[in-house]
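# Secondary and tertiary structure notes
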Amino acid sequence: MKKIVLLGFTLTSFLFSNVGIVKNITGEVDIKRGKEVIPIKAGFTLKKGDIIMTKSKSSIGIIFDDGTVLALDEKAVFVINSFKVKPETKEFNVDLFLQKGKAVFTSGKVGKLKPESVKFRIPEGIIGIRGTKFAVEVK
């Protein structure tokens, strides 16, 4: 029985590994993780698969593990499909999706080491990252 529980914990940790941290929040911001919706505060750890939802008059600042910075404004919906930046093993896969709202993005190490591995998706396209910063709005 203990082996099954440990295996489940290990698999869950792998599937939902930490990818960044919430630096600051204004107003109310929720994370949808699996079937659960969690109100969050500064210091909250983000994981692959999280859906970030900012409410009216709210915003969030995020720092990903490689130093990438993201800011979301009010009424945004943002999905972390994947965020894997491991220079030591040359593994790079960043796949982010802004479904709705305004975002400001500044790439970290991945923008310098392997910019072509970054996909910042929006409903009608993909923004190519080339070690840059940009702002985008999806209505």
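Since we're looking at a predicted model, the values are computed, not measured.

### Looking at the overall build of the chain
Secondary structure assignment for the chain yields two helices and twelve strands. The order of α-helices and β-strands along the chain, N terminus first, is α-β-β-β-β-β-β-β-β-β-α-β-β-β. By the burial criterion, 37% of the 139 residues in the chain qualify as buried. Counted over contacts in the chain with a minimum sequence separation of 6, partners at least 24 positions apart contribute 48%. When the accessible area of the chain is evaluated, it comes to approximately 8,400 Å², of which 57% is carbon and sulfur surface.

### What about the pattern of salt bridges?
Applying the stated criterion to the full structure yields five salt bridges. Taking the shortest distance from any N to any O, the salt bridge between Lys-55 and Glu-28 comes out at 3.5 Å. Placement of the pair is Lys-55 in the loop between strand S5 (51-54) and strand S6 (59-64) and Glu-28 in the loop between strand S1 (18-26) and strand S2 (29-33), with a sequence separation of 27 residues. Look at the salt bridges and you will find they share partners, linking Glu-28, Asp-30 and Lys-55 into a network.

### A word on the packing of aromatic side chains
In this structure the tally under the stated criterion is five aromatic pairs. Ring geometry for Phe-64 and Phe-83: centres 4.4 Å apart, planes at 15°, overall stacked. Residue Phe-64 is located in strand S6, and its partner Phe-83 is located in strand S8 (residues 77-86); the two are separated by 19 residues in the primary sequence. This pair shows no difference in class: Phe-64 is buried, exactly as Phe-83 is. Where Phe-78 meets Phe-120, the ring centres are 5.9 Å apart and the plane angle is 45°; that geometry is what we call tilted.

### Here's the deal with unusual backbone geometry
Its identity as a non-glycine residue notwithstanding, Lys-57 has a phi of 55°, on the positive side. Of note, Lys-57 is situated in the loop between S5 and S6. Take Lys-57: its relative accessible area is 72%, and that puts it in the exposed class. The phi angle at Lys-75 is positive, at roughly 55°, despite the residue not being glycine. Inspection of the secondary structure assignment puts Lys-75 in the loop between strand S7 (69-72) and S8. Residue Lys-75 is classed as partly exposed on the basis of its relative accessible area, which comes to 43%.

### Some remarks on the pairing of S2
Where burial is concerned, most of S2 is hidden: four out of the five residues are buried. Where S2 meets S5, four bridges bridge the pair, whose relative direction is antiparallel. Bridge pairing in S5 links Ile-31 to Ile-52. Pairing geometry for S2 and strand S3 (residues 36-39), over four bridges, is antiparallel. Following the sheet pairing, Arg-33 is matched in S3 by Glu-36. Between the antiparallel neighbours S2 and S3 lie two residues, among them Gly-34 with a positive phi of about 65°.

### Some details on the environment of Pro-39
Considering the arrangement of structural elements, one finds Pro-39 in strand S3. With relative accessibility at 62%, the residue Pro-39 sits in the exposed group. Distance in space between the C-alpha atoms of Pro-39 and Val-29 is 6.0 Å, their sequence separation being ten residues. Setting aside anything within four residues of it in sequence, one finds Pro-39 in contact with Val-29 and Asp-30.

Rules of the game
Residues numbered from 1 in each chain as written. Predicted model: local features only at pLDDT ≥ 70, side-chain atom pairs only at ≥ 80, totals over all residues. Heavy atoms only, no water. Helix = DSSP H or I, 4+ residues; strand = E, 2+ residues; numbered from the N terminus. Buried < 20%, exposed > 50% of the residue type's maximum accessible area, 1.4 Å probe, protein only. Contact = heavy atoms within 4.5 Å. Areas by Shrake-Rupley, 256 points an atom, 1.4 Å probe, with all protein chains shown as cover. Salt bridge = Lys/Arg side-chain N within 4 Å of Asp/Glu carboxyl O. Phe/Tyr/Trp six-rings, centres within 6.5 Å; stacked < 30°, edge-to-face > 60°. Pairing = 2+ DSSP bridges.

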